[in-house]
Amino acid sequence: MGLRDAALLRVGASRPGPYMGRRVVLGTVLTGIGVLPSIAQSPLRLLALGDSLTAGFGLPQDEGFVPQLQAALQAAGRPVKVLNAGVSGDTTAGGLARLDWALADHPQAAIVALGGNDGLRALPPAASKANLAAILDRLAAANIPVLLAGMLAPPNLGAAYGREFAAIYAELAAARPAVVFYPFFLEGVAGDPALNQPDGIHPNQRGVAEMVRRILPAVAQLLDRVPPPA
C-alpha cells in the first residue's frame, strides 16, 4: 500500500457512513425527548406578597405560611415553588414600593395578602385601597394571575372604620373579575387562642396549617388560571 492509498483509507475512516447522519439526528431527538419532560415539570413560581403573616413571624423556618403552602400544593400533585415576599410590619404602601423587586423573581402567579398593618395603624382605608389597586393593576399588566386575600380591621377601631376597611377588598375584587378573591386571610384562625401565638395576632404552626387548609382551594383556582408555557 502506497502513501496515497493509506491517506485515502484514513480519510474514508473519518467520513460518516451512510447511517452516521441518521444516528446523530436520532440521538439529538432522543436527547430532546429526555429534556422536554424536565421542562414541563419545572415548578410553577407563585409569589406570596405580604407582611408578617406571610413571612412566618415567630415560627421556625419550615412552619410558616409559605413552606406549609408549598408542601400542601406539592402533596396535591402540583409542582409549585412559593416565593416568600413577606416582610414583617409591611403595609400596603410598602408592598407597592417593593413590587418591582419581587417581580424580578419572574413569578407566574401571585397571592397578595397585605393590609393587616394598615388596619392596626388605623391608616385611611382610601389610601390602602389605592395602594392595593396599584399592585393589582401592575400584576395584571404583567399578565400574572392574582389571588387577593382580604383582611379585617381590629374591632377596637370602631364599627364604621371596620366596615370601610373590609369593603376595600370586596370592591377591588368586584372591579377586577379576573382576580381570585379570598375574603379573609385569617379565616377560622383569628381570635382562637389555640391557633395563635401568645401575642394573639400571629398564628402558630397549627394556625398556619388551618390557614393553608382553608385557602388551598382558592390557590388551586388561581394556579388553574396560569397560562401553559409556550
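Attention in this report is confined to the structure presented alongside it. Only a predicted model underlies this, so the values are computations on that prediction, with no experimental measurement involved. (Residues numbered from 1 in each chain as written. Predicted model: local features only at pLDDT ≥ 70, side-chain atom pairs only at ≥ 80, totals over all residues. Heavy atoms only, no water.)

**Observations regarding the overall build of the chain**
- A tally of helices and strands in the chain yields 10 helices and five strands.
- Buried positions account for 42% of the 230 residues belonging to the chain.
- Considering only contacts in the chain between residues 6 or more positions apart, those separated by 24 or more positions represent 77%. (Helix = DSSP H or I, 4+ residues; strand = E, 2+ residues; numbered from the N terminus. Buried < 20%, exposed > 50% of the residue type's maximum accessible area, 1.4 Å probe, protein only. Contact = heavy atoms within 4.5 Å.)

**As for empty space enclosed by the protein**
- The tally for this structure, following the rule as stated, stands at one cavity of 30 Å³ or more.
- Around the largest cavity, the lining residues are S52, L53, G56, F57, L59, G64, F65, Q197, H202, P203 and V208.
- In the lining of the largest cavity, the residues fall into six nonpolar, five polar and no charged. (1 Å grid on protein atoms, 1.4 Å probe; cavity = no way out; pocket = protein on both sides within 12 Å on 5 of 7 lines; lining within 4 Å. Points joined across faces, edges and corners; volume = space filled by probe spheres on them. Nonpolar A, V, L, I, M, F, W, Y, C, P; charged D, E, K, R; others polar.)

**Digging into the nonpolar core**
- Counting residues in hydrophobic clusters, the biggest one holds 58 residues, and the most contacted among them are L46 and L147.
- Per-element accounting of this core gives the leading share, eight residues, to helix α10 (residues 205-223).
- Setting aside residues up to four positions removed in sequence, L147 forms contacts with A110, I111, V112, V180, Y182, I215, A218, V219 and L222. (Core = buried A, V, L, I, M, F, W, Y, C linked by side-chain atoms within 4.5 Å.)

**Notes on the side chain of S52**
- Residue position: S52 is located in helix α3 (residues 52-55).
- In contact with S52, not counting residues within four places along its chain, are F57, V87, S88, G89 and H202.

**Digging into the environment of R45**
- Here R45 is to be found in strand β1 (residues 44-50).
- Separated by 62 residues in sequence, R45 and P107 place their C-alpha atoms 4.8 Å apart.
- Ignoring any residue separated from it by four or fewer positions in sequence, one finds R45 in contact with K81, L83, D105, H106, P107, Q108 and A109.
- Of note is the side chain of R45, whose polar atom sits 2.8 Å from the backbone oxygen of D105. (Polar contact = N/O pair within 3.5 Å; in protein donor to acceptor, adjacent residues only side chain to side chain.)

**As for the pattern of salt bridges**
- Considering all chains together, one arrives at seven salt bridges under this definition.
- Here R98 makes a salt bridge to D90, at a shortest N to O gap of 2.5 Å.
- Residue classification places R98 among the buried positions, given a relative accessible area of 12%.
- By relative accessible area, which is 11% here, D90 ends up buried.
- A salt bridge links D100 to R138; the nearest nitrogen and oxygen atoms lie 3.1 Å apart. (Salt bridge = Lys/Arg side-chain N within 4 Å of Asp/Glu carboxyl O.)

**Examining the layout of surface pockets**
- By volume, the largest pocket amounts to about 370 Å³.
- L120, M151, L152, L186 and I201 are the residues nearest the centre of the largest pocket, which is lined by 19 residues in total.
- Counting residues per element, the lining of the largest pocket draws most heavily on helix α7 (residues 116-120), which supplies three residues.
- Grouping the constituent residues of the lining of the largest pocket by class yields 11 nonpolar, seven polar and one charged.

**A word on the packing of aromatic side chains**
- The final tally for this structure, using the stated rule, is three aromatic pairs.
- Look at F65 and F185: their rings are 5.0 Å apart centre to centre, the planes differ by 75 degrees, and that puts the pair in the edge-to-face class. Taken together, the residues span a long stretch of sequence, with F65 in helix α4 (residues 65-75) and F185 in the loop between β5 (180-182) and α10 at a distance of 120 residues. Each member of the pair, F65 together with F185, is buried.
- Centroid distance Y161 to F165: 6.0 Å. Interplanar angle 20 degrees. Geometry classified as stacked. Of this pair, Y161 and F165 both sit in helix α9 (residues 159-174), four residues apart, which is roughly one turn of that helix. Just as Y161 is buried, F165 falls in that class too.
- Taken together, the ring pairs in this structure connect Y161, F165 and Y169 into an aromatic cluster. (Phe/Tyr/Trp six-rings, centres within 6.5 Å; stacked < 30°, edge-to-face > 60°.)

**Focus on the sheet that holds strand β4 (residues 146-149)**
- Ordered in space as β2-β1-β3-β4-β5, the five strands form an open sheet in which the pairing is parallel. Sheet topology places β2 (80-86) and β5 at the edges, where each strand pairs with a single neighbour. Each strand of the sheet is rotated relative to its neighbour by a mean of 15 degrees, with strand direction disregarded.
- Summarising the sheet, β1 and β2 pair through seven bridges and their orientation is parallel. Across the sheet, G50 pairs through a bridge with G86, a residue of β2.
- Seen against the sheet, α4 touches β1, β2 and β3 (109-113) and runs at an angle of roughly 165 degrees to β2.
- Of the strands in this sheet, β1, β2, β3, β4 and β5 are in contact with α10, which crosses β5 at around 170 degrees. (Pairing = 2+ DSSP bridges. Axes fitted to C-alpha atoms, helices over the stretch in contact; angles between N-to-C directions.)

Distances and angles like these do not, on their own, reveal function.
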